[in-house]
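Residue strings, one per chain:
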Amino acid sequence: MVEEQLIPRGIYDPATLAAMGTVPRHLFVEDAMQARAYGDYPLPIGSGQTISQPFIVALMTQALDLQGYEQVLEIGTGSGYQAAILSQICERIYTIERIDSLVGRARKIFDRLHYHNIVSRIDDGTIGWPDKSPFDAILVTAGGPKIPQPLIEQLGDPGRLVIPVGNQLVQELQLLEKKDGEISTRTIEQVRFVNLIGTHGWQN
Ligand code: SAH
């Protein structure tokens, strides 16, 4: 997966590549999908949600430019795979998911793998996690109509926020950077994510 799908497409960050090579992706997909876990595509994880294609997980992780000391917030725990990748390259990861059955399953895998720096919660992630802010980095793994304002406020300075923004079919993966009180935004890639549903996301 690392050699064939990630390096040739421009994933160069050593920490991202090491994490992608270490975390057992097959544990995060349903039993019937395990043989396909390392393929170059997203897979269903139940409740109508998906685990992203390995390249997209790596691209988003690399865009956060983590050094190892960071407090990170993830919105959309899903299978827990992205949180597991982040847990390898930051100090602590806080992850929020709105569907409780997914959180329960992800927590079991985190325990089994002894990933003790992942803190998870069932809630609407579009309002963030104010008690634990500011965050050095924020990653949203579902697509919304705009960048939720609470997340911009809960991002530290310096800080990086990555989120798919667009309509319900296609989005642009955006990187928002806060530095010296200034905010800049740029587009990384065209992507397709499941909907970010909540107060500052889609309403349905
Ligand atoms: N990071 C996940 C990707 C899961 S897909 C992984 O590695 O598997 C996106 C997830 O975002 C879905 O599980 C969906 O239920 C969740 N989601 C959508 N809107 C949300 C919200 N407002 N708050 C928290 N989670 C949300």
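Just so we're clear, the structure is a prediction, and the values are computed from it rather than from any experiment. (Residues numbered from 1 in each chain as written. Predicted model: local features only at pLDDT ≥ 70, side-chain atom pairs only at ≥ 80, totals over all residues. Heavy atoms only, no water.)

Draft legend 1. How the structure looks around the pattern of salt bridges. For the structure shown, the criterion picks out 3 salt bridges. Put simply, D123 and R121 hold a salt bridge, and the shortest N to O gap is 2.5 Å. On the basis of relative accessible area, R121 is assigned to the partly exposed category, the value being 23%. Linking E177 and R160 is a salt bridge whose minimum nitrogen-to-oxygen distance equals 3.4 Å. Here R160 lies in strand β7 (residues 155–166) and E177 lies in strand β8 (residues 171–179), a separation of 17 residues in the sequence. Classification of E177 by relative accessible area gives partly exposed; the value is 24%. Taking the relative accessible area as the measure of exposure, R160 reaches 18% and is therefore buried. (Salt bridge = Lys/Arg side-chain N within 4 Å of Asp/Glu carboxyl O. Buried < 20%, exposed > 50% of the residue type's maximum accessible area, 1.4 Å probe, protein only. Helix = DSSP H or I, 4+ residues; strand = E, 2+ residues; numbered from the N terminus.)

Draft legend 2. Molecular detail of the packing of aromatic side chains. Scanning the entire structure with this criterion turns up 3 aromatic pairs. Aromatic side chains Y94 and F135 sit 5.9 Å apart centroid to centroid with 65° between the ring planes, which places their arrangement in the edge-to-face category. Here Y94, found in strand β4 (residues 92–97), pairs with F135, found in strand β6 (residues 135–140); they are 41 residues apart in sequence, far enough to count as distant. One aromatic cluster is present, formed by Y94, W129 and F135 through successive ring pairs. Directly above the aromatic system of F55 lies the positively charged group of R9, at a separation of 5.0 Å from the ring centroid. In this structure, R25 packs its charged tip against the face of Y81, placed 4.9 Å from the ring centre. (Phe/Tyr/Trp six-rings, centres within 6.5 Å; stacked < 30°, edge-to-face > 60°. Lys NZ or Arg CZ within 6 Å of the ring centre and 35° of its normal.)

Draft legend 3. Summary view of the sheet that holds β6. Reading across from one edge, β5-β4-β3-β6-β7-β8-β9 is the order of the 7 strands in this open sheet, with mixed pairing throughout. In the strand order of this sheet, the two ends are held by β5 (118–122) and β9 (182–191), each with one partner. Strand-to-strand twist in this sheet, taken as the mean axis angle between neighbours without regard to direction, amounts to 15°. Relative to β7, β6 is paired through 4 bridges, and the arrangement is parallel. The residue of β7 that forms the bridge with A137 is R160. Along the sheet, helix α5 (residues 100–112) makes contact with β4 and β5, crossing β5 at roughly 165°. (Pairing = 2+ DSSP bridges. Axes fitted to C-alpha atoms, helices over the stretch in contact; angles between N-to-C directions. Contact = heavy atoms within 4.5 Å.)

Draft legend 4. Representation of the pairing of β7. Counting buried residues in β7 gives 9 out of 12 residues, a clear majority hidden from the surface. As for the winding sense of the linkage, the β-α-β connection from β6 through helix α6 (residues 149–154) to β7 is right-handed. Here β7 folds back onto β8, and the loop between the two strands holds 4 residues. (Right-handed = clockwise from strand over helix to strand, strands pointing away.)

Draft legend 5. Geometry of the site of the ligand. By nearness alone, 26 residues border the ligand, and G76, S79, E97, G125 and I197 come closest of all. Taking D124, its side chain carries an N or O atom lying 3.0 Å from a nitrogen atom of the ligand. Computed on the free molecule, the ligand has an accessible area of 570 Å², of which 99% lies beneath the protein chains in the complex. For the shell around the ligand, the element with the most residues is strand β2 (residues 49–51), which contributes 3 residues. (Near = heavy atom within 4 Å. Polar contact = N/O pair within 3.5 Å; in protein donor to acceptor, adjacent residues only side chain to side chain. Areas by Shrake-Rupley, 256 points an atom, 1.4 Å probe, with all protein chains shown as cover.)

Draft legend 6. Spatial organisation of helix α3 (residues 54–63). Summarising burial for α3: 10 of the 10 residues are buried, a large majority. When α3 is considered as a whole, its buried residues turn out to be P54, F55, I56, V57, A58, L59, M60, T61, Q62 and A63. With its phi angle positive at about 55°, D65 sits one or two positions after the end of α3.

Draft legend 7. Here's a closer look at the pairing of β4. By the criterion of burial, β4 is predominantly enclosed, with 5 of the 6 residues buried. This β-α-β element, strand β3 (residues 71–75) to helix α4 (residues 81–87) to β4, shows right-handed connectivity. Inspection of the sheet shows β4 paired to β5 by 5 bridges, in the parallel sense. Considered in β5, the bridge of I93 is made with I118.

Draft legend 8. Representation of unusual backbone geometry in the model. The omega angle of the peptide bond from S133 to P134 is 5°, so this bond is cis rather than trans. Along the chain, the position of P134 falls in the loop between β5 and β6. Looking along the chain, the bond that leaves D157 and enters P158 is cis, with omega of 5°. Positionally, P158 belongs in strand β7. Even without a glycine there, the phi angle at D65 is positive, about 55°. When you line up the elements, D65 lands in the loop between α3 and β3. In this model, D180 sits at a positive phi of 50°, which is unusual for a non-glycine residue. By the element assignment, D180 lies in the loop between β8 and β9. On the basis of relative accessibility, which here comes to 70%, the residue D180 falls in the exposed class.

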